[in-house]
Amino acid sequence: MVTSVPNKVGNYSSTGNGVHKLFFDDITNFLRRCLFRVLSVGPIPTHLAFIMDGNRRYAKKQNLKEGEGHKAGYLALMSLLRYCYELGIKYVTIYAFSIENFKRRPDEVQSLMDLMLEKMEALLLEESIVNQYGIRVCFIGNLRLLSEPVRAAAEKVMKVTSNNSKAMLLVCVAYTASNEIVHAVEGSCKEKEKEFRLCNLNNNVMDDVKEGEKVNGMVVHDIQDFYEDTSVESQGLKQGKGCNGTPYHACESVESNWDQVLTSKASKSGEVSEGFRNLRQEDPVIKLVDIEKHMYMAVAPDPDMLVRSSGESRLSNFLLWQTSNCQLYSPAALWPEIGLSQLAWAILKFQQSHSYLEKKMKQL
Amino acid sequence: MPFSLHFSPTPLITAPSPLSKPFFLVPYYHTLHAPKSPLCSSMEHALTHQGKQEAFDRRPEDSQTLPLGLRRDAMPSHVAVIMDGNRRWARLRDLPVRSGYEAGVESLRKIVEICCKWGIKVLSVFAFSSDNWFRPKVEVEFLMSLFERAMQEDTGIFFRENIRISVIGDLTKLPKALQELMVNLEEATKNNTRFQLIVAVSYSGHYDVVQACQRLALKAKCGLIEPSDINVSLMEQELETNCTEFPHPDLLIRTSGEFRISNFMLWQLAYTELFFAQSLWPDFGEAEFLKALLAFQQRQRRYGV
């Protein structure tokens, strides 16, 4: 079996079967470097994301044992990463394991976890790709869903590589975009809740709402008093009384209660709390940046291109937030078959759409 | 058009005063305050005269045969479309850009008709993105007037064909008249059951998630939920696609050969099959739509497993 070991110059010479192989490898390395030089004439994406689809189909196609497809996929990944970092692509994100993948057969899930653990430990070796290219590795996802050994290994790799700064490898494991977005939304809400609690609610006043003014047929009062009157429960909804003593169905519109909470004012003083001054103004309570900073993927810019192997054309809950304006590419090759030609083609497609986008921007 | 419909002089919705609604609640103001007032007399007339009964009794999907190769059991419930290529279509023909948009409206009408015929329940169309506000003012104004005109012209068809119209997006940025028209149309057609057309105007996937987050933050502030309660289900309830029984498109079609989502419905497209058509939107007709549906029916959907 031929093994490839990077030498000082970054070429991959074989410790295998003699001079012929060495010569052949040198030629291919030379040709690859020429190809990369040509591609580098145009813009190179900063961040590529990959959905590594087709490992199981590959194993079936090649009559391999189950699990061998993923091992072949790993080898393809390592080659591709080398090509990407050689080309100067700074960020590479891979979809290694989705939260939905936990629904697969337990033995398949276990063999994938074992493979991941083995490869995470390999990353810590001196001759690994992370040291060769100065790669910082981040594991992106709900890592608490992983078993203890895998989670510990992931954290160790992140810690050991945290000072590397030449390039970044983001491995999405126990990840779905909806889980990421929910996590970010929860984080934003918790943050705003803390800010809100710091405000003094008792003296809230809306400057331009006149005292005693009716809102939706109900007389406005102090927010605190009004809210105590409404008796709206967080879980269920029950009949409560409005501040005029009129019974109403709390469930008619929970939003309308907030509406009245927000537009009501203190009847006594004319003061406006900072919190309500903020709410009253044009700026929304939560902005896009508030959510973005809580995303797992906040450590990297958005991908320029998303490549999904095996010809399937869907996102499968991967980087939904970050790929809003991203170029999509679905080569037909199964993941273990992905190589230099697909990468080169992807770069060319990126360059083609990049120039089209720039033209469009100029037209605007 | 056998007759034209006119909305009553007093809109069904009274526009709120500028300061009575925080910015982040405004996109929902029309659903918050939609009154239960009866429809205006001309609408009542349209519904009874034109045969809401007829539409109710008619079962077009049973009586229509599908084109060869299409399987009824594998039809997508919800198709989403990014209607790209109208301007390019016009430029290729040395026509003004507005001709491209008008041709695009015609194309949409055809696709809506086909969806009704073939039993697709929901069609979402990306009519105007949040990012499109940066286009030239003249173009934006033309688009707004085109939306208004098209909706007014087709109101009769919506009632006759039992079509429900829903509008998603930040409507506060739209001209007042168009806002009121859309809100009224939504309210008036909300009980139509044959087919639902969701028009995304001043919309983006990011905007949808942010506004859902704002609503959840408010609920948390009011003590209705804890932030730790927030899950996929709560998010789904707050996204603007909560107006439909099928919030997740099964198939997304983008025309004009662009391979990107362009900030349309990000959350909802998690497991949607994507189809990228080369033709420009005004040229996207029945043949192209059939191709997309045939391709969809051959896909093996695993929903991430």
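Because the structure is a prediction, the values reported are computed rather than measured.

Caption draft 1: Representation of the overall build of chain A. A tally of helices and strands in chain A yields 12 helices and 12 strands. A buried classification covers 51% of the 364 residues belonging to chain A. Once local pairs closer than 6 in sequence are excluded, the contacts in chain A between residues at least 24 apart make up 73%. When the accessible surface of chain A is totalled, it reaches about 18200 Å², and 53% of it is carbon and sulfur.

Caption draft 2: Summary view of the domain arrangement of chain A. Residues and elements named next belong to chain A. The domains assigned to chain A are domain 1 (43–175 + 301–358) and domain 2 (176–206 + 287–295). Just the C-alpha atoms count here: the centres of domain 1 and domain 2 sit 31 Å apart. On the side of domain 2, 10 residues touch domain 1, which itself brings 13 residues to the contact. Between domain 1 and domain 2, roughly 880 Å² of surface is buried when both sides are summed, and carbon and sulfur atoms account for 59% of that area. Taken as a group, Tyr175, Asn317 and Trp321 account for 64% of the area that domain 1 buries against domain 2, more than any other trio of residues on that side. Taken together, the connections running from domain 1 to domain 2 amount to zero salt bridges. Where domain 1 meets domain 2, there are five residue pairs in polar contact (both at pLDDT 80 or more).

Caption draft 3: Quick look at the sheet that holds strand β5 (residues 251–254) of chain B. All names here are of chain B. Reading across from one edge, β3-β4-β2-β1-β5-β6 is the order of the six strands in this open sheet, with parallel pairing throughout. Two strands in the sheet have a free side with no partner beyond their single neighbour: β3 (163–168) and β6 (273–276). Strand-to-strand twist in this sheet, taken as the mean axis angle between neighbours without regard to direction, amounts to 20°. Judged from the six bridges that link them, β3 and strand β4 (residues 195–203) form a sheet pairing that is parallel. Within the sheet, the bridge partner assigned to Arg164 lies in β4 and is Gln196. Taken strand by strand, helix α7 (residues 137–160) contacts β2 (122–129), β3 and β4, and its axis lies near 155° from that of β2.

Caption draft 4: Structural view of the side chain of B:Ser279. Residues and elements named next belong to chain B. Along the chain, the position of Ser279 falls in the loop between β6 and α11 (286–298). Polar side-chain contacts of Ser279 include one of 3.4 Å to the side chain of Glu288. Setting aside residues no more than four positions away along its own chain, Ser279 makes contact with Thr255, Ser256, Phe284 and Glu288.

Caption draft 5: View of the packing of aromatic side chains. Overall, the coordinates contain 19 aromatic pairs over all chains when judged by the stated rule. With a centroid separation of 6.4 Å and 70° between ring planes, the pair formed by A:Phe36 and A:Tyr83 is classed as edge-to-face. With A:Phe36 in helix α1 (residues 19–39) and A:Tyr83 in helix α3 (residues 68–87), this pair connects stretches of sequence that are 47 residues apart. For A:Phe36, a relative accessible area of 6% gives the class buried. Aromatic ring contacts, followed pair by pair, group B:Trp118, B:Trp281, B:Phe284 and B:Phe289 into a single cluster.

Caption draft 6: Molecular detail of the side chain of B:Glu273. Summarising the element assignment, B:Glu273 is placed in strand β6. For B:Glu273, a relative accessible area of 0% puts it in the buried group.

Caption draft 7: Layout of the sheet that holds strand β3 (residues 47–51) of chain A. Residue and element names in this part refer to chain A. Spatially, the six strands line up as an open sheet ordered β5-β6-β4-β3-β11-β12, and their pairing is parallel. This sheet does not close on itself; its edge strands, each paired only once, are β5 (135–140) and β12 (327–329). Taking each pair of neighbouring strands and ignoring which way they run, the sheet shows an average axis angle of 20°. Relative to strand β11 (residues 305–308), β3 runs parallel, the two sharing four bridges. Opposite Phe50, over in β11, you have Val307 as the bridge partner. Helix-sheet contacts for helix α4 (residues 106–123) involve β4 (91–98), β5 and β6 (167–175), and the interaxial angle to β4 is about 150°.

Quick notes on the rules
- Residues numbered from 1 in each chain as written.
- Chains lettered and ligands numbered in written order.
- Predicted model: local features only at pLDDT ≥ 70, side-chain atom pairs only at ≥ 80, totals over all residues.
- Heavy atoms only, no water.
- Helix = DSSP H or I, 4+ residues; strand = E, 2+ residues; numbered from the N terminus.
- Buried < 20%, exposed > 50% of the residue type's maximum accessible area, 1.4 Å probe, protein only.
- Contact = heavy atoms within 4.5 Å.
- Areas by Shrake-Rupley, 256 points an atom, 1.4 Å probe, with all protein chains shown as cover.
- Domains from an automatic or database assignment.
- Buried area = accessible area lost by both parts, 1.4 Å probe.
- Salt bridge = Lys/Arg side-chain N within 4 Å of Asp/Glu carboxyl O.
- Polar contact = N/O pair within 3.5 Å; in protein donor to acceptor, adjacent residues only side chain to side chain.
- Pairing = 2+ DSSP bridges.
- Axes fitted to C-alpha atoms, helices over the stretch in contact; angles between N-to-C directions.
- Phe/Tyr/Trp six-rings, centres within 6.5 Å; stacked < 30°, edge-to-face > 60°.

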